[in-house]
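So the chains spell out like this:
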Amino acid sequence: LDRNKFKQSFGTTSVGVDIENVKPSDFNVRFNANFSYLNDYYKAKESEVALSFKSDYAISEKGKLDFIADYFLIARKDSLRDATPRHLLKIKPAYKFEAVDKLWLTIGLNTAVENDTLGSARSFHVYPHLKADYKLGESIDAYAGVTGDMDKVSLHVLSGENFWVNKNLDIFHTNRSIDFFGGLKGKVGRKAGFAVGVSYANLRGLYFYQNSTLNRAKFDVIYDNGNTQRTNLFAEVNFAHSEVVRMSIRGDYFNYSTDQLTEAFHKPIYRMSYTSTYSIYKKLLLNVDFIAQGGIKARDMETLKVVELKPALDLNFRADYFVSRQFSVFLKFNNILSNQYQVYLNYPVRGFQAMGGISWSF
């Protein structure tokens, strides 16, 4: 094998600042600014500036105004293109109020201005943002709504998901033109909570991964240029006892209906996750997490057949012992089951891993 055909490395540098009022009041403001720079083995370079402004103003006990504004400036350079800037501006005003007893309504608009061109020449988008929350009882709420947004996609995002993406990618944002959602959430006693819900979204230009025909060790980013419908059913249960024990378990089921692609390549159909922390006398902190997912399909570019990857099972454990407030030692075990599953075709994850070290804060 020629290592240069599949070798990859990424370097990232980022800096950010947050400003917000410390004490909550009738008028709350938060401003965030971040700059991140990424480069890889194939000399791709991407700079990203992200600005975010959030505020809420309580008009009365039964009404408040929310305002969110986000701006992203992304410039990427590789062997085929210069650093052409991509702009994405999102403005989201909303008004939340109690319409009748126990019923809260949120009425707003989500707007987006961008200069991507995949599937549409339009640069200005308007989406509804409506939500209703109704209190069914002392400890259970029902909610339902409809929204939409332009979901940012960049080389930062893609390389964070898939280390083996190809060079010179075409990258576009995902237009979530409509998203219906609803569910129940509540508490059981003072220590346990639950949530169940469903969402149905129409996604234009959703991206998927497929092994390259020229180099099967790399993944191209392909788009369903029509409309992809995604349905998500989920259920979640959590438990917390003071600061001693915290546990959470969640299950998701996804269904994709693609327009031009035969399958939703490299998207899981189901996912179950469990996380827990245990604190022993505030000196020893134990963390256990487990994830199971499956139903992932891919196209084998050698046979051109669609294959389904085996389910992924991953169990991890970490222990932290705090010698003092500033100094601690840790021991971590990853993939305890040593299940070398594949999330991306032909790339099994590493087996059992162990790591130990120290942490010092000052």
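Scroll up for the structure.
Residues numbered from 1 in each chain as written. Predicted model: local features only at pLDDT ≥ 70, side-chain atom pairs only at ≥ 80, totals over all residues. Heavy atoms only, no water.

J.: Whenever I open this one, the overall build of the protein chain confuses me. Can you help?
T.: In terms of helices and strands, the protein chain carries one helix and 21 strands. With the principal axes as the frame, the protein chain shows a C-alpha extent of 65 × 55 × 40 Å. Contacts in the protein chain between residues at least 24 apart in sequence constitute 54% of all its contacts with a sequence separation of at least 6. With the model as given, the accessible surface of the protein chain reaches about 21000 Å², and the carbon-plus-sulfur share is 59%. Here the protein chain carries 46 positive and 38 negative side-chain charges, and the mean point of each set is 5 Å from the other. (Helix = DSSP H or I, 4+ residues; strand = E, 2+ residues; numbered from the N terminus. Contact = heavy atoms within 4.5 Å. Areas by Shrake-Rupley, 256 points an atom, 1.4 Å probe, with all protein chains shown as cover. Lys, Arg positive; Asp, Glu negative; His and termini not counted. Charge placed at Lys NZ, Arg CZ, Asp CG, Glu CD.)

J.: In this structure, what is going on with the pairing of strand β5 (residues 84–100)? I would like to understand it.
T.: In regular strands, side chains alternate between the two faces of the sheet. The pairing of strand β4 (residues 63–77) with β5 spans 14 bridges and is antiparallel. Considered in β5, the bridge of A69 is made with I91. Adjacent in sequence and paired antiparallel, β4 and β5 are bridged by six residues. As paired strands, β5 and strand β6 (residues 103–114) are joined by ten bridges and run antiparallel to one another. Directly across from F97, in β6, lies its bridge partner L105. (Pairing = 2+ DSSP bridges.)

J.: What's the story with the side chain of S212 in this structure? I'm lost.
T.: Structurally, S212 can be placed in the loop between β10 (192–211) and β11 (219–241). A polar contact is formed between the side chain of S212 and the backbone nitrogen of N215, at a distance of 3.4 Å. For S212, the residues in contact, after removing those within four places along its chain, are N166, K218, F219, D220 and M301. (Polar contact = N/O pair within 3.5 Å; in protein donor to acceptor, adjacent residues only side chain to side chain.)

J.: Would you take a moment to explain a nonpolar patch on the surface for this structure?
T.: Among the surface-exposed residues, F67, L89, I91, L109, V113, F124 and V126 lie close enough to one another that they form a single nonpolar patch of about 550 Å² accessible area. Topologically, L89 is positioned in strand β5. L89 gets classed as partly exposed once you look at its relative accessible area, which sits at 34%. (Patch = residues over 30% accessible without salt bridge, like charges linked within 9 Å, V, L, I, M, F, W, Y side chains within 5 Å. Salt bridge = Lys/Arg side-chain N within 4 Å of Asp/Glu carboxyl O. Buried < 20%, exposed > 50% of the residue type's maximum accessible area, 1.4 Å probe, protein only.)

J.: Would you explain the nonpolar core in this entry?
T.: Proteins that are soluble and globular tend to have nonpolar side chains buried together. Of all hydrophobic cores here, the largest spans 17 residues; its most connected members are L158, L169, I171, Y207, Y209 and V221. Within the residue set of this core, elements represented by two or more residues are α1 (155–161), β10 and β11. Element by element, the count of residues in this core is highest for β11, at three residues. Beyond its immediate stretch of four places on either side in the chain, V221 contacts L158, L169, D170, Y207, F208 and Y209. With ten residues, the next largest nonpolar core counts L203, L206, L261 and F265 among its residues. (Core = buried A, V, L, I, M, F, W, Y, C linked by side-chain atoms within 4.5 Å.)

J.: Explain the pattern of salt bridges here, please?
T.: Any two side chains of opposite charge can pair, given that their charged atoms come close. For the structure shown, the criterion picks out 17 salt bridges. In this structure, the salt-bridge partner of D149 is K92, at a minimum N-O distance of 2.7 Å. Taken together, the residues D149 in strand β8 (residues 140–151) and K92 in strand β5 connect sequence positions 57 residues apart. The salt bridge involving D252 is made with R250; its shortest N-O contact spans 2.7 Å. Look at D252 and you get buried, because its relative accessible area is 10%. Taking relative accessible area as the criterion, R250 reaches 26% and is therefore assigned partly exposed. A single network of salt bridges, built from pairs that share partners, joins K90, K92 and D149.

J.: Explain the packing of aromatic side chains to me, please; I cannot follow it from the model alone.
T.: Two aromatic rings are characterised by how far apart their centres lie and by the angle between their planes. Counted under the stated rule, the structure contains 16 aromatic pairs. Between the aromatic rings of Y41 and Y42, the centroid separation amounts to 5.2 Å while the plane-to-plane angle is 85°, which identifies the pairing as edge-to-face. Pairwise contacts between aromatic rings join F163, W164, Y207, Y209, F219, Y344 and Y347 into one cluster. In this arrangement the basic side chain of K131 is found over the ring face of Y143, its NZ or CZ atom lying 5.5 Å from the centre. Between the NZ or CZ atom of R318 and the centre of the ring of F330, over which it lies, the distance is 4.5 Å. (Phe/Tyr/Trp six-rings, centres within 6.5 Å; stacked < 30°, edge-to-face > 60°. Lys NZ or Arg CZ within 6 Å of the ring centre and 35° of its normal.)

J.: Can you help me understand the environment of G145 in this one?
T.: Tracing the backbone shows G145 in strand β8. What G145 contacts, discounting residues up to four positions off in sequence, is L130, K131, D179, F180 and F181.

J.: Before we go on, may I ask you to explain the side chain of Q229 in this structure?
T.: Note that Q229 resides in strand β11. At 2.6 Å, the side chain of Q229 forms a polar contact with the side chain of N202. If we ignore the near neighbours within four places in the chain, the residues touching Q229 are Y200, A201, N202, N255, Y256 and S257.

J.: Teacher, can you tell me more about the environment of R30 here?
T.: Mapped onto the fold, R30 is located in strand β2 (residues 27–40). Separated by twelve residues in the primary sequence, R30 and D18 place their C-alpha atoms 7.2 Å from one another. Excluding its chain neighbours within four sequence positions, the residues that come into contact with R30 are D18, I19, E20, S52, F53 and K54. Polar side-chain contacts of R30 include one of 3.2 Å to the side chain of D18.

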